[in-house]
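# Observations on the model geometry
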Amino acid sequence: MTENEKKRRKLLFEILLFVGICFALSLVLYVFLVTVGSLLIQEYCLTNDIYLDEFEWYHVDNIIRSAGFAVSALFFMILFFALFGERLAYVRKITAGVDAIRGGNYGNQVELRGNNELTELAEAINYLSESEQRIKEKEKRLNAEKEELIRTLSHDIRTPLTSIMSYTELLCKQETVTEAEQRAYLALVAKKTAQIKELTDILLDGGRRELEFFADARLLFAQLADEFESELEDTFDLAVSSSEVPAFAGSFDVGELRRIFDNLMTNIRKYADPAEKVTLSVSGAQESLVIRQSNAVRKGGPPAESYRMGLNSIRRIAQNYGGEVVVTETAAWFEITVTLSDF
Amino acid sequence: MLNSLDLLIIVFMTLAAGTLLSLSLMFLLRNQTAKRVFFYVTSAIGLYVSAIGLRIGIGGWFPMQIAVGGLTALTCIGAIALDLIGKNKATHARIARLLSAAALVIALINAIL
């Protein structure tokens, strides 16, 4: 029991107190009216030479007492109902607060007055209102996050899907495709299909991560950098460097890392100027891993919505690793630095 | 038909009950607006009772009663002015209420006794 609860007065006690105050004041008024009223009558009779015998005095005294009692009783009722009415008005305020919550207006607060059970009730309603508001806000935030996840994953699914479409189109159109080329294309299609499956699995699991421990994660990043190079070397002049990474151990979700590189590749394909050099460097610095990619921007390049979504997707993944994404861009130049710290 | 004694008793009882009621409500209610309303009611009754005291004093030429009646009337006006100047300041309002209550009680005693 808190100190406040110990000190809390009972509503019944307050009502009894009102009755007591009203009764005491009514009694004072009655005594005052009867005493001063009698004195006034005596004074009036003396001034106007009116003589009243004992019976007449008894009669006048009775009238004064009755009038005094009636006035005091009326006074008691008015005062009591005025004081009690204030409490009733507070009950109405509390009811309005409950109605507001019922109507979905959770920010509404009932003003705290006094220190009795009604105050406690108002506090409980305010607490309920605040809790409901917090829950609603949390629900809204979670829904927004879920929507964002669905949006970014849907965007990321498009990257391998586009590759599959390109390879299958190539297989359909080209009449002279060697068996080795066919196998290579089909292997790529299979790889991209697996990637789509991974992404849809994440989507179905609500963004669950599958972390794998790598005793030497440097090899993983070297492989990703190699894949990046082999995917883009036919179209772009690349400068890829991953040798600056020292040997280190860590837990990573390979799918997530692949999505970072896929998004970088998609952006390069869409917006990078093929005439200029495209650079990618993976390096280690102060217990964090830094992926830096830069390129010259093709005329009529960003911004496009999918470009932003790709960056958002990278940002989300970096946040999963306690990292951050810094983008420096001008009309002619683009540079992105992805830092991963918590692995 | 009511005679002057009946009227005197009715006026006295109404004034006494009204005075105590407005004083009680002015101090016991929690609602600030209601408090303010009863402050003005108290001040108005105070001015009225002071005027009665002054009239009685002038009629019978009782200098003390005239002085007290005048002082209570001025106190009531001062209390209203203080409340208006003080706007929403709690201390000003409290002092104004106390001044008005004291003036009313003294004015009532001055007029009746």
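Definitions and limits used
- Residues numbered from 1 in each chain as written.
- Chains lettered and ligands numbered in written order.
- Predicted model: local features only at pLDDT ≥ 70, side-chain atom pairs only at ≥ 80, totals over all residues.
- Heavy atoms only, no water.
- Helix = DSSP H or I, 4+ residues; strand = E, 2+ residues; numbered from the N terminus.
- Buried < 20%, exposed > 50% of the residue type's maximum accessible area, 1.4 Å probe, protein only.
- Areas by Shrake-Rupley, 256 points an atom, 1.4 Å probe, with all protein chains shown as cover.
- pLDDT = per-residue confidence, 0-100.
- Polar contact = N/O pair within 3.5 Å; in protein donor to acceptor, adjacent residues only side chain to side chain.
- Contact = heavy atoms within 4.5 Å.
- Pairing = 2+ DSSP bridges.
- Buried area = accessible area lost by both parts, 1.4 Å probe.
- Salt bridge = Lys/Arg side-chain N within 4 Å of Asp/Glu carboxyl O.
- Nonpolar A, V, L, I, M, F, W, Y, C, P; charged D, E, K, R; others polar.

## What to know about the overall build of chain B
- When its secondary structure is counted, chain B shows four helices and zero strands.
- Helices and strands in chain B line up, N terminus first, as α-α-α-α.
- Looking at chain B as a whole, 44% of its 113 residues are labelled buried.
- Approximately 6100 Å² of chain B is accessible, and the part contributed by carbon and sulfur atoms is 75%.

## Comments concerning the confidence of the model for chain B
- For chain B, per-residue confidence averages 90 on the pLDDT scale, and residues scoring 70 or more make up 99% of the total.
- Predicted complex, confidence summary: ipTM 0.87, pTM 0.58.

## Remarks on the side chain of A:Thr337
All names here are of chain A.
- Tracing the sequence through the fold places Thr337 in strand S7 (residues 333-340).
- A polar side-chain atom of Thr337 sits 3.5 Å from a polar atom in the side chain of Arg292.
- When near neighbours in sequence (up to four residues on either side) are disregarded, Thr337 contacts Val290, Ile291, Arg292, Glu324, Val325 and Val326.

## Focus on the pairing of strand S5 (residues 288-296) of chain A
Residue and element names in this part refer to chain A.
- Buried residues dominate S5, accounting for eight of its nine residues.
- Note: S5 against S7, eight bridges, orientation antiparallel. Bridge pairing in S7 places Arg292 opposite Thr337.

## Quick notes on the interface of chain B and chain A
- Counting residues at the interface gives 19 residues for chain B and 25 residues for chain A.
- Counting each side, the surface lost to burial between chain B and chain A is near 2000 Å², with a carbon and sulfur contribution of 82%.
- Here chain B is connected to chain A by zero salt bridges.
- Counting every contact that joins chain B to chain A gives three residue pairs in polar contact (both at pLDDT 80 or more).
- Among the secondary structure elements, those contributing two or more residues to the side of chain B that touches chain A are helix H1 (4-28) and helix H4 (90-112) of chain B.
- Among the elements that take part in the side of chain B that touches chain A, H1(B) stands out by supplying 13 residues, more than any other.
- Split into classes, the residues belonging to the side of chain B that touches chain A amount to 15 nonpolar, three polar and one charged.

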